[in-house]
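Given next are the chains, with one letter for each unit.
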Amino acid sequence: MESFKTQLLDIALEINALKFGEFTLKSGRKSPYFFNLGLFANAKDLKTLAESYANTIIKSKLQFDVLFGPAYKGIPLAALVAVKLYELGGEDYANLSFSYNRKEKKDHGEGGMIVGPSLTGKKVLIIDDVMTAGTAINEAYSIIKNEQAEVVGIVTSLDRQEVAPGSELSTTATVSKRFNVPVFSIITLADIVAYLKPTLTAEQLQNIENYRAQYGAKDLE
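Reference entry: report on the structure contained in this document. All figures in this text were calculated on a predicted structure; none of them were measured in a lab.

Turning our eyes to something else, we now look at the pattern of salt bridges. Scanning the entire structure with this criterion turns up 12 salt bridges. The salt bridge involving E51 is made with K47; its shortest N-O contact spans 2.7 Å. Remark: K47 and E51 occur in helix α2 (residues 43-60); sequence separation between them is four residues, near one turn of the helix. Put simply, K84 and E51 hold a salt bridge, and the shortest N to O gap is 3.6 Å. Of this pair, K84 sits in helix α3 (residues 74-89) while E51 sits in helix α2, and the two are 33 residues apart along the sequence. Because the salt bridges share partners, they merge into one network encompassing E2, K5, K59 and D191.

Next up, the structure:
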């Protein structure tokens, strides 16, 4: 496993951004683990987080003009990762822009829904935290298409590798198929289990396996 993945997992455990127990997700599912990206709050941890995203994006080899962060969590992510892409990727990312949407359309000044440069005619990569049902991505995609831009991919921090509601495919696969774009994640549930297996209790491992048996995506078997 790449070092940027293990570094992210180490910090997530250290700051309790990755926890094991019983947690009710927005979907209503009872999960044996929870990943809270919002706890990456100090400069050192944010640096590692931004590097993890940037390395994942560079590895994807996607070509794009704008990094788009859906309001609200995606806004600081897009700004941090745009800077880190330039630091790590050099001149290939020197002209990269970042942009985000307002929650409510502005009717004064320059107006509109978008903050940042015009998206018209641009290739856009959407960045977000954890994709659960894909709701935020659906909204972001619609906003970007309305601006006459092209979404070329999506990158998230964690792929829970769960079935989307009403589907046998994972949420990431469902979103990828719906919008015909690749979806990349820094880490997956499989990465978590593989890296932490020596330190997790037998009960924690069994709870995860039970959860995967119930909600795991068939396309990942």
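Before going further, it helps to examine the pairing of strand β3 (residues 66-69). Both faces of β3 are covered, namely the face carrying V66 and F68 and the face carrying L67 and G69. Pairing between β3 and strand β6 (residues 123-127): three bridges, direction parallel. Bridge pairing in β6 links V66 to V124.

As a further point, take helix α1 (residues 3-14). End to end, α1 covers 16 Å across 12 residues, agreeing with the expected 16 Å (1.5 Å per residue, within 8%). Three or more residues of α1 are buried, namely F4, K5, T6, L8, L9, I11 and A12. Note on α1: the residue one or two positions beyond its end, N16, has a positive phi of about 65°.

Scoring rules and cut-offs
- Every chain's residues receive numbers from 1 upward, in the order its sequence appears when written.
- Two thresholds apply to this predicted model, a pLDDT of at least 70 for residue-level local features and 80 or more for giving and counting side-chain atom pairs, whereas whole-chain, interface and lining totals are computed over all residues.
- Remark: hydrogens and water are excluded; side-chain values derive from all non-hydrogen atoms of the structure.
- Just to be clear on terms, a salt bridge is a Lys or Arg side-chain nitrogen sitting within 4 Å of an Asp or Glu carboxyl oxygen.
- Only DSSP runs of H or I covering at least 4 residues are called helices, and only runs of E covering at least 2 are called strands; the numbering of each starts at the N terminus.
- Relative accessible area decides the class of each residue, using a 1.4 Å probe on protein chains only: under 20% of the type maximum gives buried, over 50% gives exposed, and in between gives partly exposed.
- Strand pairing requires that DSSP identify at least two bridges connecting the strands.
- One less than the number of residues in a helix, times 1.5 Å, gives the span that helix is expected to have.

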